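# Observations on the model geometry
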Amino acid sequence: MESEAANQPRGSMASTDAPRPEPRVHFPRKSKHRLSHENRILLLTLASGAAGIALALVLLWTGDHEFSTRWTLTFFVLVIWVGFAFASRSAVIRPLQTLSNMQSALREGDFSFRVRGAEIGDALGELMIEVNTLSEMLREQRLGAMEASALLTTVMTEIDVAVFAFDGERRLRLVNRAGERVMAQNAERLLGKSAGELGLAECLEGESARTLEKSFPGQAGRWGVRRSVFRQGGKPHYLVVIADLSRALREEERQAWQRLVRVLGHELNNSLAPICSIAGSLEEIMKREVRASDWEDDLRRGLRVIVDRSDALSRFMRDYSRLTRLPKPQLRRTDISTLVRVAAGLERRASVEIEPGPEVALEADPDQLQQLLINLIRNAVDASLENAGKVKVGWTRNGSSLHLFVRDEGPGIANPSNLFVPFFTTKPGGSGIGLALSRQIAEAHGGSVSLNNRADGKGCEAVVQLPLES
């Protein structure tokens, strides 16, 4: 027999689950009145030769032989008969016992045993080959399961997300290191406690995925909670994953403030710098005792610049307020064909070509979607007017999504990283909120907006993806 040893990997997660019970094997009781398989083989073998032995003995004892010869031959005939019977019994029973021991080892989880002497072309040998193949396959599967379990254990240990597993009675059965840090206790003290005792009862109720503001013994902040149900031993268990969102939210908030301060500072400097410069110049003019003959014209021009820059700053703040106060969409049945034609017809500077698509209607806010299309069409016309190019708008359906597209033949996108930055614009007199507002409208409807340079020619293409089901 061949023998192989395998070491069970040690995981870093703790669990109080009892070992999974071995499958029940029902062994038939041995009957006192029923012959065993071995004895039946022996009796059948003896019975198969009984007629010949009886005939030989009759001929031997009725023939003209000496008495000693009769007894000697009788003894040898009986010994050979019984010997061959037991040999036949052994030839049949021993391979079955070997296979039985092999199956017992497989049942106990020992896959290191192999049956020797198996040959192809022999019915019993082919059975042994199949048993050896089954043992090797089970060994490889167990080795793969052990490696996968070790990998899962390592991942669960090192991942920076708290993982809790509860049984049907809502008692903790498994926790990783991140969960220990959140609860500020070792796994030995946590396992076996109820969700209520751990302060996790609300995580097992309500929506399966949500954001929670909660203070745990080890840490407080905003948490992303996800819950799922799995079965073990036929009974439902609950898996709760808790991720700390505070750090990520703080980083996103910091970056948002940086972008906002950069944009606000840029716009305020653009307006306040000339106002301060011109105000200083006018102050100098008014301080002079002897003034130039056209000092009143200089005063008017300076005041006009101050008024213009003040108006620009006022418009900037109004646009900012508009961007941050987008109302919630008022959904109603909206026909896309009508919406596209109305938005395209509002553009008077150039002819907008419409590529008709399938008849589609969806639940949306038509006013907001129309504003989105107007912004995209206006940008496309602005880009195409420089090169006298065409603008096309249309729509397609892709499964459960609607794709609205606006294509132009302008110079294309030179700096795609700043496309959706509020108040960033390369157009003279542009406000820089059109694309940012368009993306907000699309996301409010569960969709998205993307702008890319066209692959089939010059210009760019704006694509609005919207779900057909709200």
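Since we're looking at a predicted model, the values are computed, not measured.

### Here's the deal with the overall build of the protein
Scanning the protein from N- to C-terminus turns up eleven helices and 13 strands. With 470 residues in all, the protein has 31% of them scored as buried. Sequence-distant contacts, at least 24 apart, represent 61% of the contacts inside the protein between residues at least 6 apart. Summed over all atoms, the accessible surface of the protein reaches about 30,100 Å², with 54% contributed by carbon and sulfur.

### Points about the pairing of strand 2 (residues 162-166)
Burial analysis of strand 2 places five of its five residues in the buried class, which makes it a mostly covered element. The two faces of strand 2 match: Ala-162, Phe-164 and Phe-166 on one face and Val-163 and Ala-165 on the other face are all buried. Both strand 2 and strand 6 (residues 235-244) contribute to a ladder of five bridges, which runs antiparallel. Bridge pairing links Val-163 to Val-241 in strand 6. Sheet analysis places strand 2 next to strand 3 (residues 172-175), joined by three bridges and oriented antiparallel. In the strand pairing of strand 3, Ala-165 is matched with Leu-174.

### Concerning helix 3 (residues 123-158)
In a regular helix each residue adds 1.5 Å, so 36 residues correspond to 52 Å; helix 3 covers 53 Å between its end C-alpha atoms and thus fits that length. Of the residues making up helix 3, those classed as buried are Gly-125, Met-128, Val-131, Asn-132, Ser-135, Met-146, Thr-153, Met-156 and Thr-157. Contacts from the buried residues of helix 3 go to helix 2 (67-107), strand 2 and helix 4 (177-183).

### As for the sheet that holds strand 10 (residues 391-398)
Strands sit in the order 8-10-11-13-12 across an open sheet of five strands; the sheet is mixed. Here the strands that pair on one side only, and so sit at the sheet edges, are strand 8 (352-355) and strand 12 (448-453). On average, each strand axis in the sheet is tilted by 20° relative to the strand beside it, whichever way the strands run. Two strands pair when backbone bridges link them, and strand 11 (residues 401-407) and strand 13 (residues 460-467) are joined in this way by seven bridges, in the antiparallel orientation. Each residue of the ladder has a partner; that of Leu-402, found in strand 13, is Leu-466.

### Looking at the environment of Gly-221
With respect to the helices and strands, Gly-221 occurs in strand 5 (residues 220-232). Setting aside residues no more than four positions away along its own chain, Gly-221 makes contact with Leu-212, Glu-213, Lys-214 and Ser-246.

### With respect to the pattern of salt bridges
Here the structure, examined in full by the defined rule, presents 16 salt bridges. Note that Arg-114 is salt-bridged to Glu-136, the shortest N-O span being 2.6 Å. Of this pair, Arg-114 sits in the loop between helix 2 and helix 3 while Glu-136 sits in helix 3, placing them 22 residues apart in sequence. Take Glu-136: its relative accessible area is 24%, and that puts it in the partly exposed class. When the shortest N-O distance is used, the salt bridge between Arg-170 and Glu-205 registers 3.4 Å. A residue pair is termed long-range when its members are at least 10 positions apart, and Arg-170 in the loop between strand 2 and strand 3 and Glu-205 in the loop between helix 6 (195-198) and strand 4 (209-215) qualify at 35 residues.

### Points about the environment of Cys-460
You can see Cys-460 is positioned in strand 13. A relative accessible area of 11% means that Cys-460 is categorised as buried. In the structure, Cys-460 is positioned 50 residues away from Gly-410 in sequence and 7.1 Å away in space, judged by C-alpha atoms.

### Some thoughts on the nonpolar core
Ranked by size, the top nonpolar core spans 35 residues in total, and within it Ile-336, Leu-402, Leu-404, Val-406 and Val-464 carry the most contacts. With eight residues, helix 10 (residues 366-385) is the single largest residue contributor to this core. The contacts of Val-406, once residues within four sequence positions are left out, are Leu-376, Ile-377, Ala-380, Val-391, Lys-392, Val-393, Cys-460, Glu-461 and Ala-462.

### Observations regarding a nonpolar patch on the surface
On the surface, a cluster of nonpolar side chains totalling about 550 Å² of accessible area is made up of Phe-75, Phe-76, Val-79, Ile-80 and Phe-84. Along the polypeptide, Val-79 turns up in helix 2.

### Points about the confidence of the model for the protein
For the protein, the mean per-residue pLDDT works out to 79, and 83% of the residues sit at or above 70. Scored below 50 in pLDDT, residues 1-23 makes 41 contacts in the model with residues more than four places away or belonging to other chains.

### Some words on the environment of Arg-107
By the element assignment, Arg-107 lies in helix 2. Here Glu-108 takes part through its side chain, which lies 3.4 Å from a polar atom of the side chain of Arg-107.

### Topic: helix 2
With 41 residues, helix 2 extends 59 Å between its outermost C-alpha atoms, agreeing within 8% with the 60 Å of an ideal straight helix rising 1.5 Å per residue. Restricting attention to buried positions, one finds in helix 2 the residues Arg-70, Thr-74, Ala-85, Ile-93, Pro-95, Leu-99, Met-102, Ala-105 and Leu-106. Structurally, helix 2 contributes buried residues whose contacts are with helix 1 (37-62) and helix 3. Just past helix 2, the residue Gly-109 takes up positive phi, approximately 90°.

### Section: the side chain of Asn-132
Residue placement: Asn-132 occurs in helix 3. For Asn-132, a relative accessible area of 15% corresponds to the buried category. Apart from residues no more than four positions distant in its own chain, Asn-132 is found in contact with Met-102, Arg-114 and Val-115.

Rules behind the numbers
- Residues numbered from 1 in each chain as written.
- Predicted model: local features only at pLDDT ≥ 70, side-chain atom pairs only at ≥ 80, totals over all residues.
- Heavy atoms only, no water.
- Helix = DSSP H or I, 4+ residues; strand = E, 2+ residues; numbered from the N terminus.
- Buried < 20%, exposed > 50% of the residue type's maximum accessible area, 1.4 Å probe, protein only.
- Contact = heavy atoms within 4.5 Å.
- Areas by Shrake-Rupley, 256 points an atom, 1.4 Å probe, with all protein chains shown as cover.
- Pairing = 2+ DSSP bridges.
- Expected span 1.5 Å × (residues − 1).
- Axes fitted to C-alpha atoms, helices over the stretch in contact; angles between N-to-C directions.
- Salt bridge = Lys/Arg side-chain N within 4 Å of Asp/Glu carboxyl O.
- Core = buried A, V, L, I, M, F, W, Y, C linked by side-chain atoms within 4.5 Å.
- Patch = residues over 30% accessible without salt bridge, like charges linked within 9 Å, V, L, I, M, F, W, Y side chains within 5 Å.
- pLDDT = per-residue confidence, 0-100.
- Polar contact = N/O pair within 3.5 Å; in protein donor to acceptor, adjacent residues only side chain to side chain.

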